[in-house]
Amino acid sequence: MIRVAICDDEDKTLKDLENAVLHYGTLKNLDLTADTFSQSADLAAKIQNNKAYDIYILDMLMPQQNGIEVGQEIRKHDEHAVIIYLTSSMDFAYQAFGVFAQRYLLKPMNEAELFKALDFAAETIRKTQKLFYVNTAQGIQQIYYHEIEYVENAARALHIFAVNGEEIVSRLLRKSFENEMNCLLNSRWFIQTHKSFIVNLCHVRLYELSQMTMRSGAQIPISKSRQAQVKRAYLKYISESNT
């Protein structure tokens, strides 16, 4: 599913965008949903409460928080989401460099240009959002890498904690924890901090020598033997994220 958030303080523009986005999903046969926000503060609150979207379509100029400020809030929580800005003048585009916006659309909205931007967004999502598959008692469940906050190995099962608060529990492991987690550990976003824990560095709120505090407030231990490795990985992640 592709989740789209649309934020604009003009009611007609907001409705036109929602209709166009849903029409795009129908034309492309995509499993797509769209949530609309007439106030940027409402969208910012959703983001702060770990409500994640894959694509954000934001008006550049809004009262309360403008589009740039909302984009900054998005990037605190998600470095992969696609941000598309609506603007009355390209003079404002330079301000969006800091949040790595992918597209700028001039008002009034042109549906053909919007569809081109959504094509780019859908392709970006396809390339960057890898899926992790979990064999559970209910069947094979899937979760995007970036939605995983951390994984715990407990009672010979994977406990996968998502940023939205969901917990996915696997069937009993047939392989070692490290072997089961090999695909995650090959990604630059994940590091094993302890024999029973793997964390997504994107969702670390506080790093300390002996533990990491995640955005949810969960405190993940760092074993003494892994402290140097975890420190190097975290500093490397921060360095690469700020370039």
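Anything mentioned here points back to the structure above.
Anyway, here's the lowdown on the structure attached to this text. On a predicted model such as this, the values are computed, not experimentally measured, just so you know.

## Quick look at the packing of helix α2 (residues 40-48) against helix α3 (residues 67-77)
α3 packs onto α2 with a crossing angle of 10 degrees between their chain directions and a minimal axis gap of 10 Å. Compared by their axis directions, α2 and α3 come out roughly parallel. Across the interface between the two elements, Ser 40, Leu 43, Ala 44, Ile 47 and Gln 48 of α2 pack against Val 70, Glu 73, Ile 74 and His 77 of α3. Residues that form the contact of α2 with α3 fall into these classes: five nonpolar, three polar and one charged.

## Concerning the packing of aromatic side chains
As enumerated under the stated definition, the model contains seven aromatic pairs in all. Measuring from ring centre to ring centre gives 6.0 Å for Tyr 145 and Phe 190, while their planes differ by 85 degrees; the resulting arrangement is edge-to-face. Linking Tyr 145 in the loop between β7 (139-144) and β8 (148-154) with Phe 190 in strand β11 (residues 190-194), this pair joins segments that are 45 residues apart in sequence. We classify Tyr 145 as buried; its relative accessible area is 7%. The rings of Phe 37, Tyr 53 and Tyr 56 are connected pair by pair, giving a single aromatic cluster.

## Looking at the pairing of strand β1 (residues 2-7)
Within β1, six of the six residues are buried, which leaves it mostly tucked inside the rest of the structure. Side chains Ile 2, Val 4 and Ile 6 of β1 all project onto a buried face; the interleaved residues Arg 3, Ala 5 and Cys 7 project onto the opposite face, where all are buried too. With six bridges connecting them, β1 and strand β2 (residues 32-37) associate as parallel partners. Bridge assignment links Val 4 to a residue of β2, and that residue is Ala 34. Summarising the sheet, β1 and strand β3 (residues 55-59) pair through four bridges and their orientation is parallel.

## Things to note about the nonpolar core
Residues Phe 132, Ile 160 and Met 212 are the most contacted members of the largest nonpolar core, which totals 33 residues. Those elements that place two or more of their residues in this core are β6 (131-136), β8, β9 (157-162), β11, β12 (197-200), β14 (211-214) and α7 (227-241). Aside from chain neighbours lying at most four places away, what touches Ile 160 is Phe 132, Val 134, Ile 143, Ile 148, Tyr 150, Val 151, Glu 166, Glu 167 and Ile 168. Counting 23 residues, the second largest nonpolar core, distinct from the first, contains Ile 6, Ile 55, Leu 86 and Leu 114.

## Examining unusual backbone geometry
Residue Pro 108 is reached from Lys 107 by a cis peptide bond, and omega for that bond is -5 degrees. Tracing the backbone shows Pro 108 in the loop between β5 (103-106) and α4 (111-128). Here Asn 29, not a glycine, exhibits a phi torsion of approximately 55 degrees, which is positive. Considering the arrangement of structural elements, one finds Asn 29 in the loop between α1 (11-27) and β2. A residue is classified by how much of its surface remains accessible, and Asn 29, at 71% relative accessible area, is exposed. Backbone geometry places Arg 156, a non-glycine residue, at a positive phi of 60 degrees. Take Arg 156: it is sitting in the loop between β8 and β9.

The rules behind the values
- Residues numbered from 1 in each chain as written.
- Predicted model: local features only at pLDDT ≥ 70, side-chain atom pairs only at ≥ 80, totals over all residues.
- Heavy atoms only, no water.
- Axes fitted to C-alpha atoms, helices over the stretch in contact; angles between N-to-C directions.
- Helix = DSSP H or I, 4+ residues; strand = E, 2+ residues; numbered from the N terminus.
- Parallel < 35°, antiparallel > 145°, perpendicular 65-115°, else oblique.
- Contact = heavy atoms within 4.5 Å.
- Nonpolar A, V, L, I, M, F, W, Y, C, P; charged D, E, K, R; others polar.
- Phe/Tyr/Trp six-rings, centres within 6.5 Å; stacked < 30°, edge-to-face > 60°.
- Buried < 20%, exposed > 50% of the residue type's maximum accessible area, 1.4 Å probe, protein only.
- Pairing = 2+ DSSP bridges.
- Core = buried A, V, L, I, M, F, W, Y, C linked by side-chain atoms within 4.5 Å.

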